[in-house]
Amino acid sequence: MKKSVSLLLIIITLCTIFTACAKNDTIKNDGPKIRTIIDMSGNKVNIPDVVDNYALVFAGDFDIAAMLDGCEHMSAFPETVLKYKWVKKAYPQLNERIKLPRRNISVETIVESGAQVVILRENDYPDLAKELNAINIPVVDLNFSNFEELKQCVTIFAEIMNTDEIKAKAEKYNAYLDGEIKYAEDFRKRNNLNDDYTVLTLRDADDLEAYSPDRMMAAWSNACGLTYSLKSAPNNQNIKLTVEQILEYNPDYIIFSFDGNVDKFMANEKVSTLNAVKNNHVYQSATVINSFIVNGVEVALQMKWMYSLIYSDLVDFDLIQITKDFYKEFFELELTDEETIDILGIK
């Protein structure tokens, strides 16, 4: 009798366990669908099958998102991009989204944004990435330093959003970029250009922060046959230079990424002996959603813009029309001739 009762209890217990397991499986099956993508660090990242909200931390990825998503699903973004006046014009909805500081971004702010996925440059925010992973918010590293990596990031972002329309636009942009790189090479060969000009890019005239060569500076400089003055930077970070260091580099061309710095720099007597200053070769970068010179998809226009500055007598293209066509095709922005001339800094 005791054996029968014990056997019955075992059977009941097993049935209870199997039933609980079945229920757990049902819960898992009924939960949100996920899929796996591979980011630029080679991490396998599980993300929701449908991404309705993402936080974008790295400013260099902003115009990728703007081009492919129109900022529609962007719940948080780097406030530094608001320095480019066309961002406010093109995407007024960002006024209602969370603005992220350049440094010291808190996990609480990301959570508040409701982001399902966070897109960043992991080298810049390693601690933030760890904290987000610890609370199961997927982190995707979209970090690029050359043209091929830029194209990979465009493709990965399209995979995140996972629509046929966005994937098609990503493919179209990557093909366009390849064409512009090829044009730059052909332009040099066709015109037998062997000048050894040097170029340096700076954020502003006050702190003299130079962009790392691995933030696309070396990529477009080399494509144009130029040499970027700054050879390396620790951890691919920007470097604050002294006037003495800039004098030592003595670049032939200096380009600022933000407005209002050219006249201030040129008025500084300490830099009056620089080749770039003596030859009036200090420029404001063309900017729309991002600066042409830094990380971002608009670098596709940088080679022709640079050629128009250095070899204006040799150019065989209409940069105004090319720029208008580019923004209409990839950003759905209709620029007038006057607006485009102002953007390009053409006099």
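A brief report on the enclosed structure follows. (Residues numbered from 1 in each chain as written. Predicted model: local features only at pLDDT ≥ 70, side-chain atom pairs only at ≥ 80, totals over all residues. Heavy atoms only, no water.)

### Considerations on the overall build of the chain
This is how it is decided: Starting at the N terminus, helices and strands are each numbered in turn, a helix being any DSSP run of H or I of at least four residues and a strand any DSSP run of E of at least two. The classification of residues rests on relative accessible area computed with a 1.4 Å probe and restricted to protein chains. Under 20% of the type maximum is buried, over 50% is exposed, and intermediate values are partly exposed. Only the protein chains shown count as cover for residues, with accessible areas throughout obtained via the Shrake-Rupley method and a probe of 1.4 Å.
What the chain contains, in helices and strands, is 14 helices and 13 strands. The burial tally for the chain puts 49% of its 347 residues in the buried class. If you sum the accessible surface of the chain, you get close to 17200 Å²; carbon and sulfur atoms cover 50% of it.

### A few points about the packing of aromatic side chains
Defined as follows: In this analysis, rings of Phe, Tyr and Trp, with Trp reduced to its six-membered ring, are considered paired at centre separations within 6.5 Å, and the interplanar angle assigns stacked below 30 degrees, edge-to-face beyond 60, and tilted for intermediate values.
Applying the stated criterion across every chain, the model contains 19 aromatic pairs. An angle of 85 degrees between the planes, with centres 5.5 Å apart, marks the rings of Y54 and F157 as edge-to-face. A residue pair is termed long-range when its members are at least 10 positions apart, and Y54 in strand β3 (residues 54-56) and F157 in helix α6 (residues 147-161) qualify at 103 residues. For the residue pair Y54 and F157, the accessibility class agrees, reading buried in each case. With a centroid separation of 6.0 Å and an interplanar angle of 35 degrees, the aromatic rings of Y183 and F187 are classed as tilted.

### Details of the pattern of salt bridges
Close approach of charged atoms allows side chains with opposite charge to pair. This is how it is decided: Any Lys or Arg side-chain nitrogen found within 4 Å of a carboxyl oxygen on Asp or Glu counts as a salt bridge.
A full pass over the atoms with the stated rule returns 15 salt bridges. As a salt-bridge pair, E209 and R102 come within 2.7 Å of each other at their nearest N and O atoms. Of this pair, E209 sits in strand β9 (residues 209-210) while R102 sits in the loop between β5 (98-100) and α4 (107-113), and the two are 107 residues apart along the sequence. Since its relative accessible area comes to 32%, R102 is described here as partly exposed. Residue D186 is joined to K182 by a salt bridge in which the shortest nitrogen-to-oxygen separation is 2.9 Å. One end of the pair, D186, and the other, K182, are both in helix α7 (residues 164-190), four residues apart, so they sit about a helical turn from each other. Owing to a relative accessible area of 44%, K182 belongs among the partly exposed residues under this scheme.

### Let's talk about the side chain of K304
What counts, and what does not: Throughout this description, a polar contact denotes any pair of N or O atoms lying within 3.5 Å of each other; where both atoms belong to protein, one of them has to be capable of donating a hydrogen while the other can accept it, and for residues adjacent in sequence the pair is counted only when both atoms sit in side chains. Contacts are residue-level and defined by heavy atoms, with any inter-residue pair within 4.5 Å sufficient.
By secondary structure assignment, the location of K304 is in helix α12 (residues 302-310). Look at K304 and you get buried, because its relative accessible area is 9%. A distance of 3.3 Å separates the side chain of K304 from the side chain of E180, its partner in a polar contact. Discounting chain neighbours no more than four positions away, the residues touching K304 are E180, Y183, F317, L319 and I322.

### Side note on the nonpolar core
Put simply, the rule reads: Buried Ala, Val, Leu, Ile, Met, Phe, Trp, Tyr and Cys residues that are joined via side-chain atoms within 4.5 Å together make up what is termed a nonpolar core.
Of all hydrophobic cores here, the largest spans 103 residues; its most connected members are F62, Y173, W220, F265 and F331. No other element matches α6, which puts nine residues into this core. In this structure Y173 touches M67, L150, V154, V297, V299, A300, F326 and F330, once residues within four positions along its chain are discounted. Of all hydrophobic cores here, the second largest spans 17 residues; its members include A55, V57, I105 and A115.

### So, the packing of α7 against helix α13 (residues 319-331)
Applicable threshold: Lines fitted to C-alpha atoms define the axes here, with helix axes fitted over just the stretch in contact, and angles between the N-to-C directions of these axes take values from 0 to 180 degrees. Angular relationships are summarised with four words: roughly parallel below 35 degrees, roughly antiparallel beyond 145, roughly perpendicular across 65 to 115, and oblique for the angles in between. Take the far helix as the reference: if the near one is turned anticlockwise from it by less than a right angle, the crossing is left-handed, and if turned clockwise, right-handed. Under the grouping applied here, Gly and all other residues not named as nonpolar or charged are polar, the nonpolar ones being Ala, Val, Leu, Ile, Met, Phe, Trp, Tyr, Cys and Pro and the charged ones Asp, Glu, Lys and Arg.
Interhelical geometry of α7 versus α13 gives an angle of 160 degrees and a closest axis separation of 11 Å. Between α7 and α13, the crossing angle belongs to the class labelled roughly antiparallel. Here the hand of the crossing between α7 and α13 comes out left-handed. Seen from α7, the contacting residues are K169, K172, Y173 and Y176; seen from α13, they are I322, F326, E329 and F330. Broken down by class, the residue content of the contact of α7 with α13 amounts to five nonpolar, no polar and three charged.

### So, unusual backbone geometry
The backbone of C71 shows a phi angle near 60 degrees, a positive value even though the residue is not glycine. Position of C71 among the secondary structure elements: in the loop between α2 (62-69) and β4 (74-78). The residue N162 is not glycine, and still its phi comes out positive at about 60 degrees. Positionally, N162 belongs in the loop between α6 and α7.

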